[in-house]
Amino acid sequence: MNKTFPEELKNEENEPCDNAKIYSYHIHVLFWQNNEERVISAETLRKNFIENFKEKFNQEKINCTISAGDPARMCSFEVDKDPAGPFTTAQFSFFIPPKDLQETSIWMLQNKGDHDVFIHPNSGCETNDHTKWNTFSGAKWPIDDTVFTCNHPGCKPGNPRVIES
């Protein structure tokens, strides 16, 4: 089962993204990878977030995987210490179930310090998720939307044509 989408999700490739269902969220923290002080601060912020919400994380696997996990539990993606995917700077992120979005967003926004926070939904419509339905706190970093392969409701990144059922 994919971490972002529920197991029972069916392929909805022909449906438009206009009003796609939101299955989960990601909270990203973007930081300057060439500034040692910012890197240390970002690592501390990540550690503090995990510690603060430890009861909401999947305790068997705190780190997210694309193909396994409990979509009702939070998890943490690996830190990208260089630009990767659509991000033009270093970043780390968390998978957030909808029921935890408000509490985790408030905590992150109040504790982000000098870092920039990017929050977006996961609907399968990656371009809209990252460019239309997002929110930034701090600086608004450019997003490279040319890397997205999923642009229909329920699509899973890495396998844009197949939805597990």
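Coordinates for the structure precede this section.
Residues numbered from 1 in each chain as written. Predicted model: local features only at pLDDT ≥ 70, side-chain atom pairs only at ≥ 80, totals over all residues. Heavy atoms only, no water.

1. Points about the overall build of the protein chain
Scanning the protein chain from N- to C-terminus turns up three helices and five strands. Each helix (α) and strand (β) of the protein chain, taken in turn from the N terminus, gives the series β-α-β-β-α-β-α-β. Burial analysis of the protein chain (165 residues in total) assigns 48% to the buried set. A separation threshold of at least 6 residues defines the contact pool for the protein chain, and within that pool the share at least 24 residues apart is 66%. Accessible surface computed for the protein chain: about 8600 Å², of which carbon and sulfur atoms make up 48%. (Helix = DSSP H or I, 4+ residues; strand = E, 2+ residues; numbered from the N terminus. Buried < 20%, exposed > 50% of the residue type's maximum accessible area, 1.4 Å probe, protein only. Contact = heavy atoms within 4.5 Å. Areas by Shrake-Rupley, 256 points an atom, 1.4 Å probe, with all protein chains shown as cover.)

2. Side note on the pairing of strand β3 (residues 90–96)
Among the seven residues in β3, seven count as buried, and that is most of the element. Where burial is concerned, the two faces of β3 agree: the one with Ala-90, Phe-92, Phe-94 and Ile-96 and the one with Gln-91, Ser-93 and Phe-95 are both buried. Two elements, strand β1 (residues 24–31) and β3, share seven bridges in a ladder whose sense is antiparallel. Residue Leu-30 lies in a different strand from β3, and its bridge partner there is Gln-91. Taken together, the two bridges between strand β2 (residues 75–76) and β3 define a ladder with antiparallel strand orientation. Across the sheet, residue Ser-76 finds its bridge partner in β3, namely Phe-94. (Pairing = 2+ DSSP bridges.)

3. Details of the nonpolar core
Ranked by internal contacts, the top residues of the largest apolar core, which has 21 residues, are Phe-49, Phe-57, Phe-92, Phe-94, Ile-96 and Met-108. The set of elements that each furnish at least two residues to this core consists of β1, α1 (36–52), β3, α2 (101–111) and β4 (116–122). The leading source of residues in this core is α1, at five residues. In this structure, Met-108 is in contact with Ile-27, Val-29, Leu-45, Phe-49, Phe-94 and Val-117, ignoring residues within four places of it in sequence. Listed in part, the seven residues of the second largest apolar core include Leu-30, Phe-136, Trp-141 and Ile-143. (Core = buried A, V, L, I, M, F, W, Y, C linked by side-chain atoms within 4.5 Å.)

4. Observations concerning the sheet that holds β3
Overall, antiparallel pairing links the five strands, which are arranged β2-β3-β1-β4-β5 in an open sheet. Each edge of the open sheet carries a strand with a single partner, namely β2 and β5 (135–137). Of the strands in this sheet, β1, β2 and β3 touch α1, which is tilted by about 10° from β3. Across the face of the sheet, α2 comes into contact with β1, β3, β4 and β5 while running at roughly 10° to β1. (Axes fitted to C-alpha atoms, helices over the stretch in contact; angles between N-to-C directions.)

Note that every value here comes from positions in space, so none of it alone points to a role or purpose.
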